[in-house]
Amino acid sequence: ILLAAKMLGQPLKACADRYGSSRNYETSGKLYALRQKAKTIHLYDQTRRGYFEGFLSMFRLAAKLNKERARRKIAVITEFYNLGDNKGHSYDLAAAKELLKSAGFDLIITTHKFSCHSHTLPDGVPHQHIEELEQLTDRLNNILQDGDFLCMQGVWMAELDKVSSQLLQQSDDYDCLV
């Protein structure tokens, strides 16, 4: 947590006092530094745990990243919750839209069944929808640049973790920071 706080430029003492006893679980997400040739990319990987509050949390986190910390912010997201398991449940999609806008992403790539939430996409932000995971991996490898911060989150049945795993395997080297 403290490493993530430092990368975000947050006050370390206040974070240590508040989160000193926190644990990072496997499904809590990981932060990686990937190195490929002459570029370093940060990957926030929360692809194994897609739930509505988690998406909102990721959008809040991205909003705290400034240009000193991230040259570009890129999101790869699926639908915000399992549509089949949550029939009849009400989610505050207006809040999701506002937080997604305030996150300040330079590019949003959607996959799986995101079309049901397409009305939450902020105006003026480039957007692509890529259905096939292999195409998604190839696209990311082609567009990622030195200093980019890639935020990935998805519902488990979208299998977005296969993309993050491929990115890690295809990198020259990587460190798990959190």
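Residues numbered from 1 in each chain as written. Predicted model: local features only at pLDDT ≥ 70, side-chain atom pairs only at ≥ 80, totals over all residues. Heavy atoms only, no water.

A. The arrangement of the pattern of salt bridges in detail. Evaluated as defined, the whole model comprises five salt bridges. Residue Arg 35 is joined to Asp 173 by a salt bridge in which the shortest nitrogen-to-oxygen separation is 2.8 Å. Within this pair, whereas Arg 35 is found in strand 1 (residues 30-36), its partner Asp 173 is found in strand 7 (residues 173-176), the two being separated by 138 residues in sequence. For Asp 173, a relative accessible area of 39% translates into the label partly exposed. Across the salt bridge formed by Glu 159 and Lys 162, the nearest N and O atoms sit 3.3 Å from each other. (Salt bridge = Lys/Arg side-chain N within 4 Å of Asp/Glu carboxyl O. Helix = DSSP H or I, 4+ residues; strand = E, 2+ residues; numbered from the N terminus. Buried < 20%, exposed > 50% of the residue type's maximum accessible area, 1.4 Å probe, protein only.)

B. Summary view of the nonpolar core. Counting residues in each nonpolar core, the largest one holds 25 residues, and the members touching the most others are Phe 59, Ile 77, Phe 80 and Phe 105. Broken down by element, this core gets its largest block of residues, six residues, from helix 3 (residues 52-64). For Phe 105, the contacting residues outside a window of four places in its chain are Phe 59, Ala 62, Lys 73, Ile 74, Ala 75, Leu 100, Val 125 and Cys 151. Membership of the second largest hydrophobic core comes to 19 residues, among which are Ile 41, Leu 136, Leu 150 and Val 163. (Core = buried A, V, L, I, M, F, W, Y, C linked by side-chain atoms within 4.5 Å. Contact = heavy atoms within 4.5 Å.)

C. Quick peek at the packing of helix 5 (residues 133-143) against helix 6 (residues 161-170). Remark: helix 5 packs on helix 6, axes separated minimally by 9 Å, with the N-to-C direction vectors making an angle of 45 degrees. Taken as axis vectors, helix 5 and helix 6 run oblique relative to one another. Note that helix 5 runs across helix 6; the crossing there is right-handed. Contact residues: helix 5 offers Leu 133, Leu 136, Thr 137, Leu 140 and Asn 141, while helix 6 offers Lys 162, Val 163, Gln 166, Leu 167 and Gln 170. Classifying every residue of the contact of helix 5 with helix 6 by side-chain character gives five nonpolar, four polar and one charged. (Axes fitted to C-alpha atoms, helices over the stretch in contact; angles between N-to-C directions. Parallel < 35°, antiparallel > 145°, perpendicular 65-115°, else oblique. Left-handed = near helix turned anticlockwise from the far one by under 90°. Nonpolar A, V, L, I, M, F, W, Y, C, P; charged D, E, K, R; others polar.)

D. Representation of helix 5 in the model. Considered for burial, the residues of helix 5 that qualify are Leu 136, Thr 137, Leu 140 and Ile 143. Projected down its long axis, helix 5 carries its buried residues within an arc of 145 degrees, all on one side. Along helix 5, the residues that are exposed and aim more than 90 degrees away from the buried face are Glu 134 and Asn 142. Looking at the packing, one finds that the buried side of helix 5 touches strand 3 (73-77), strand 4 (107-110), strand 6 (149-153) and helix 6. (Arc of directions from axis to C-beta.)

E. Molecular detail of the sheet that holds strand 2 (residues 39-46). Ordered in space as 5-4-3-6-2-1-7, the seven strands form an open sheet in which the pairing is mixed. Because the sheet does not close on itself, it has two edges, and the strands there are strand 5 (127-129) and strand 7. Pairwise comparison of adjacent strand axes, ignoring direction, gives a mean angle of 20 degrees for this sheet. The pairing of strand 3 with strand 4 spans four bridges and is parallel. From the neighbouring strand, Ile 77 faces strand 4, where its bridge partner is Thr 110. Taken strand by strand, helix 3 contacts strand 2, strand 3 and strand 6, and its axis lies near 170 degrees from that of strand 6. (Pairing = 2+ DSSP bridges.)

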